[in-house]
Amino acid sequence: MNFSDSGIVASVLTEKGFSFTDDIHQADIVFLNTCAIRENAELKVRQRLQDFKKNKKQNPEFIVGVLGCMAERLKSQLLDEEKLVDLVAGPDAYRDLPRLIESVEGGQKSVNVQLSLEETYADIRPVRIASNGVTAFISIMRGCDNMCSFCVVPFTRGRERSRHPQSILAEAAQLFDDGFREITLLGQNVDSYLWHPDTNTKREILKTELKNDSVSFARLLDMTAGINPDLRIRFSTSNPRDMTDEVLYVMAKHDNICKYIHLPVQSGNSEVLCRMNRGYTREEYVHRIESIRRILPGCGISTDIISGFCSETEVQHRETLSLMEWAAFDFAYMFKYSERPGTAAAKNFKDNIPDEVKSRRLQEIVDLQMQLSLRSNKKDVGKAHLVLVEGISKKSDKNLFGRNTQNKVVVFAKENFKPGDYVNVFVTDCTSATLIGTSLI
Ligand code: SAM
């Protein structure tokens, strides 16, 4: 999401005549677009800021700006704590960046962390920074209303709002015309996407009279898939509490909607899920996976898991492992719980699992996922997969890499293929992270 937001920042600034450089020595301004989801992310930003000390020394006019969630969380406190920071802008303040820069040039430190109920940057065509020219993100909504007790996002990205569907479709169609072949629709909780011409307030839209004219995520997905059968569609992130069978049926209807769902579970224990305020139980999550397997056989499923949430017992941790086994996730993002100031968990529960226990549980989760990923990949050996080529393989320039519909990375010999091609690849071998094969002509 930050990657996508940086494209919006680039677009706002390009409009005002700024240009970009990869070379820090050429730059007059540097912006760090930050994440606040775990303490580690913030520590990385603080370390990175130290790198700019020498640039400031060489050029006192050099401007350092902090954007995004850490900016929103710490606000002007960041200016006091990190003396070399000149500018702080939250995720809804990017249109204001030219004014903020002017104010820094006039000798003032500047801050805008105003969150908005309406801002979706719908009219801004993001600059595709460091693009591979094949795959692109499209932000379809901003903010989050879910209030998971561990999560800082509702405080740093504000209330949930959905972007005008026509602006999303226009951006997708333009990307296709520009040669892109895959788009990922992005939101903290895409299943909750709901747009209505008259109001941006979800509570209003949910009133039945308004609902008839509204556009749901299933409808948006259906319309986006209709742009061109050669344009692959992905989306992230789905939330088990909001995902509907309607979305699954739309996925089944279109070959170009990738058969892959990222469905964060966080924990396999219902009591922990309740304390996390996730809005579903273990049984409901299991039921959701069963629907996916029934409506979309062969669909890839990945997840997010947190180890060592407040008061998590050994038995509850084992339930996470058993759910992972049952679901046979293809892939997972796995984290140690990190208490975030201001969240409901920080206010109401003790972060009482010792770090070594969190680490040990995380390691058990990671080890199990490695086995599950390998088992899942082995099932793909001996089969043909339609792969969209994204670029040259990191390990050898004689090989290309791309993804199959289940989002698995596939590596194969380059021959005369190029990024953007769809290639039928027969998979002959695998690791836990990659499928390896040869093209079928
Ligand atoms: N919106 C998505 C959802 O709710 O499923 C995910 C958003 S979050 C940016 C990505 C992942 O970070 C979460 O699914 C969760 O596993 C993890 N995460 C969020 N807050 C965390 C925290 N305080 N400590 C550790 N992991 C956290």
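Here goes a summary of the coordinates provided. These figures come from a predicted structure and were not determined experimentally.

**Quick word on the site of the ligand**
Near the ligand there are 16 residues, and of these Phe150, Gln188, Gln266, Asp304 and Ser338 occur at the shortest range. In the environment of the ligand, a nitrogen atom lies 2.7 Å from a nitrogen or oxygen atom belonging to the backbone of glutamine 188. Here aspartate 304 contributes a side-chain N or O atom positioned 2.5 Å from an oxygen atom of the ligand. Taken by itself the ligand offers 570 Å² of open surface, and the protein chains cover 89% of this. Residue composition of the shell around the ligand, by class: 6 nonpolar, 5 polar and 5 charged.

**Points about the packing of helix α14 (residues 282–295) against helix α15 (residues 314–327)**
In contact at an axis separation of 11 Å, α14 and α15 are set at 10° when each is read in the N-to-C sense. Compared by their axis directions, α14 and α15 come out roughly parallel. The residues of α15 that touch α14, namely those facing Arg282, Tyr285, Val286, Ile289, Glu290 and Arg293, are Glu319, Ser322, Leu323, Trp326 and Ala327. A class-by-class count of the residues in the contact of α14 with α15 yields 6 nonpolar, 1 polar and 4 charged.

**Notes on the environment of isoleucine 292**
Mapped onto the elements of the fold, isoleucine 292 is located in helix α14. Expressed as a C-alpha distance, the spacing of isoleucine 292 and glutamate 39, which sit 253 residues apart in the sequence, is 34 Å. Look past the residues within four positions of isoleucine 292 in its chain and what remains in contact with it is Leu248, Ile261, Leu263, Pro297, Cys299 and Ile301.

**Structural notes on the nonpolar core**
Formed by 65 residues in total, the largest nonpolar core has its most connected members in Leu185, Phe217, Leu221, Phe235 and Ile261. If sequence neighbours within four positions are ignored, isoleucine 261 has contacts with Phe235, Ser238, Met243, Leu248, Met251, Ile292, Leu296, Cys299, Gly300, Ile301 and Ser302. Residues Val64, Leu74, Leu84 and Val88 belong to the second largest nonpolar core, which totals 18 residues.

**Let's talk about α14**
Note that an α-helix has 3.6 residues per turn; residues three or four places apart therefore point the same way. A rise of 1.5 Å per residue sets the reference length of α14, with its 14 residues, at 20 Å; its end C-alpha atoms lie 20 Å apart and thus fit the reference within 8%. Listing the buried residues of α14 in full gives Arg282, Tyr285, Val286, Arg288, Ile289, Ser291, Ile292 and Ile295. Buried positions along α14 lie against α12 (245–253), β12 (260–262), α13 (270–275), β13 (300–307) and α15.

**Observations regarding the environment of proline 297**
For proline 297, the position within the fold is in the loop between α14 and β13. C-alpha of proline 297 to C-alpha of alanine 252: the two residues are 45 residues apart in sequence and 9.4 Å apart in space.

**Side note on the side chain of glutamate 171**
Secondary-structure assignment places glutamate 171 in helix α8 (residues 165–177). Each residue touching glutamate 171, except ones within four places of it in the same chain, is listed here: Ile124, Arg125, Pro126, Arg128, Phe137, Ile138 and Arg163.

**As for the packing of aromatic side chains**
Within this structure, the stated rule accounts for 10 aromatic pairs. Taken together, a centroid distance of 5.0 Å and an interplanar angle of 85° make the contact between phenylalanine 331 and tyrosine 333 edge-to-face. Residue phenylalanine 331 is classed as partly exposed on the basis of its relative accessible area of 39%. Seen in terms of ring centroids, phenylalanine 412 and phenylalanine 417 are 6.2 Å apart; in terms of plane orientation they differ by 65°. Their pairing is edge-to-face. Put simply, the rings of Phe150, Phe309, Tyr337 and Phe349 touch in pairs and so form one group of aromatic residues. The ring of phenylalanine 335 carries the charged tip of arginine 38 above its face, separated from the ring centre by 3.7 Å. Positioned above the aromatic ring of phenylalanine 176 is the side chain of arginine 181, whose terminal nitrogen or guanidinium carbon lies 4.0 Å from the ring centre.

Calculation rules
Residues numbered from 1 in each chain as written. Predicted model: local features only at pLDDT ≥ 70, side-chain atom pairs only at ≥ 80, totals over all residues. Heavy atoms only, no water. Near = heavy atom within 4 Å. Polar contact = N/O pair within 3.5 Å; in protein donor to acceptor, adjacent residues only side chain to side chain. Areas by Shrake-Rupley, 256 points an atom, 1.4 Å probe, with all protein chains shown as cover. Nonpolar A, V, L, I, M, F, W, Y, C, P; charged D, E, K, R; others polar. Axes fitted to C-alpha atoms, helices over the stretch in contact; angles between N-to-C directions. Helix = DSSP H or I, 4+ residues; strand = E, 2+ residues; numbered from the N terminus. Parallel < 35°, antiparallel > 145°, perpendicular 65-115°, else oblique. Contact = heavy atoms within 4.5 Å. Core = buried A, V, L, I, M, F, W, Y, C linked by side-chain atoms within 4.5 Å. Buried < 20%, exposed > 50% of the residue type's maximum accessible area, 1.4 Å probe, protein only. Expected span 1.5 Å × (residues − 1). Phe/Tyr/Trp six-rings, centres within 6.5 Å; stacked < 30°, edge-to-face > 60°. Lys NZ or Arg CZ within 6 Å of the ring centre and 35° of its normal.

That is the geometry; function is a separate question.
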